[in-house]
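# Topology and contacts: notes
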2 protein chains.
Amino acid sequence: MGEQAEGRIADAPAAARVSDAPPAARIPDAPIGARVPKYYRLKQELRQEIGQLSPGMAIPTERVLSTRFAVSRTTVRQALHELVVEGQLQRFQGRGTFVAPPKLTQTLQLTSYTQDIAASGRRPTSRLLDAAVVPAPSDVATRLELRVDAPVQRLERLRLADDEPMAIEAVYLDAERFAGVGDAMLHSSSLYALLREQYATVLVRAEETIETVLASPSEAGMLDTGTGLPLLLLTRTSWDEQDRPVEYVRSLYRGDRYRFVANLSRPA
Amino acid sequence: MGEQAEGRIADAPAAARVSDAPPAARIPDAPIGARVPKYYRLKQELRQEIGQLSPGMAIPTERVLSTRFAVSRTTVRQALHELVVEGQLQRFQGRGTFVAPPKLTQTLQLTSYTQDIAASGRRPTSRLLDAAVVPAPSDVATRLELRVDAPVQRLERLRLADDEPMAIEAVYLDAERFAGVGDAMLHSSSLYALLREQYATVLVRAEETIETVLASPSEAGMLDTGTGLPLLLLTRTSWDEQDRPVEYVRSLYRGDRYRFVANLSRPA
DNA sequence: CAGTGGTCTAGACCACCTC
DNA sequence: AGGTGGTCTAGACCACTGT
């Protein structure tokens, strides 16, 4: 990161000040008509400095930034946290803070996942985390038009692209209609191919929702990110040619690494 | 997906303890194989209590929770913050913390915005924040297939539903092709109607992206939320029947209040 | 005015990584 | 061992909302 910051004195309306602090760097002053917290001005300053750097480069440690800008480490951490959430920085415990690569764009479309990733020039893999027949919880039952506690096959997978964890995906299927699909998935990587070839089922439409949730500690661990960081939760219900619901999928993507794109056309 | 923690006493591996603290309430113990911070266990505990309450009801103040659970106010705030981000609580400076109403679902479709909201039984309004012809920044120029700095009409509106701020929307149009559209919008509320009636332009397809960003202080002010809270940024490029790009739109929605849904069909 | 959430400080200990 | 980010504490002052 550069050497000096531009702008004038910080420390806007409030707060006790250490009287004899060294000149240190400056974070931009608060503008007039708006209330701008110190951590936010620091964030803007850091954002600009980060813009000059390349992905993967390390930035100074929290303690260094704290002294350089003459603010507490808490304030530095608040600024860094927001830059992490926005996908500009990545932090690793014990290692440091680094400039993040740009976000990746994932298309919402009714085709094979594997196919999508490969089309973007990356190597798709997946790790089966869990495959079990369980009683349908109410949301799953509703989506699949089954009764609550009806047996459903749950398939939980960690999706990777170029070996980087990309999403945690849980698929639910009617365990009676798709008997044995759990075992079959132990040796197959494409659920859609399996549905087509073994169950003569083709998906023709889907409804997908997107919202923001936060990573639990275990989710954060699997996605190699921090607890409490925003994730994008995609849920998808897909129907076959007879308009029967076939799959209900919940996928969690890192919000700092992915954006989604949908193609819309005029309603018929 | 998700996880649970049962159990008793808090204060897992670390931290100095006030020796004579009152019995206080308990937050669930940390489970074995995972590292679960105290604020996260508190969050889970609070999440459960909130589940029993109705939207709009007040919860205890930060200082009360702090003593009740025998943790610092910082820890309480971290737990509350995550519940706010997840849309379970709403905080208002000077007033208190309240149970939030459920998220609203907004459909991604190529029809009038106003129409969409009305269809969901709410009253759509909008406030024109700004209408100016400006030189196209590079991203706008790219999307509209214009040269950088070509004149574009910018229309910035605050969208409301039942008088609640819903989104900040900035639309960009080719100022030469749609000359006068800025003035016309002063007296019209529907851009799409205006395009159809005054410019004989009908939109037939669009590409929409969704990603997470954070609220700046001014955005937070307009959306009546907090600085640094996650927003969903939707960008949309729409094309007419001749496949010319017509509009480029950037909309910011509160991530704690909205989710989005898209309908997909088998690619042709 | 008292009480709320919002910001900020200074310092401590922890878990984790690299050397 | 030493340094990193992650968590937590106790306390302060602020801006804002209600009375």
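Our subject is the structure that appears above.
Definitions and limits used
Residues numbered from 1 in each chain as written. Chains lettered and ligands numbered in written order. Predicted model: local features only at pLDDT ≥ 70, side-chain atom pairs only at ≥ 80, totals over all residues. Heavy atoms only, no water. Pairing = 2+ DSSP bridges. Helix = DSSP H or I, 4+ residues; strand = E, 2+ residues; numbered from the N terminus. Contact = heavy atoms within 4.5 Å. Axes fitted to C-alpha atoms, helices over the stretch in contact; angles between N-to-C directions. Parallel < 35°, antiparallel > 145°, perpendicular 65-115°, else oblique. Left-handed = near helix turned anticlockwise from the far one by under 90°. Least-squares fit on C-alpha atoms with pLDDT ≥ 70 in both.

### Topic: the sheet that holds strand E3 (residues 96-99) of chain B
Residue and element names in this part refer to chain B. On the basis of which strands lie adjacent, the open sheet formed by 3 strands has the order E1-E3-E2 and antiparallel pairing. Here the strands that pair on one side only, and so sit at the sheet edges, are strand E1 (58-59) and strand E2 (89-92). Pairing of E1 with E3 involves 2 bridges; the strand directions are antiparallel. Bridge pairing in E3 links Ala 58 to Phe 98. Lying on the sheet, helix H3 (residues 73-85) is in contact with E1 and E2; it crosses E2 at an angle near 115°.

### Notes on the packing of helix H1 (residues 38-51) of chain A against helix H3 (residues 73-85) of chain A
Residues and elements named next belong to chain A. Orientation of H1 relative to H3, taken along the N-to-C sense of each, is 55°, at an axis distance of 8 Å. Taken together, the axes of H1 and H3 are oblique relative to one another. Once H1 is placed against H3, the crossing between them reads as right-handed. In this structure, H1 uses Lys 38, Tyr 39, Tyr 40, Leu 42, Lys 43, Leu 46, Arg 47 and Ile 50 to contact H3, whose residues at the interface are Thr 75, Val 76, Gln 78, Ala 79, Leu 80, Glu 82 and Leu 83.

### Some words on the relation of the copies chain A and chain B
When chain A is fitted to chain B, the best match, at an RMSD of 0.0 Å, comes from turning it 180° and sliding it 0.0 Å along the axis. The transformation just described matches what one would write down for a two-fold rotation axis. With an isologous cut-off of 70% or more, the 85% of interface residues of chain A that recur at the interface of chain B puts this contact in the isologous class.

### Describing unusual backbone geometry
All names here are of chain A. Of note, Asp 163 is a non-glycine position whose phi angle comes to about 70°, a positive value. Relative to the helices and strands, Asp 163 is located in the loop between strand E6 (151-161) and strand E7 (164-174). Even without being a glycine, Ala 200 presents a positive backbone phi close to 50°. Within the secondary structure, Ala 200 sits in the loop between helix H7 (191-199) and strand E8 (203-214).

Functional significance is not addressed by these values, which are geometric in nature.
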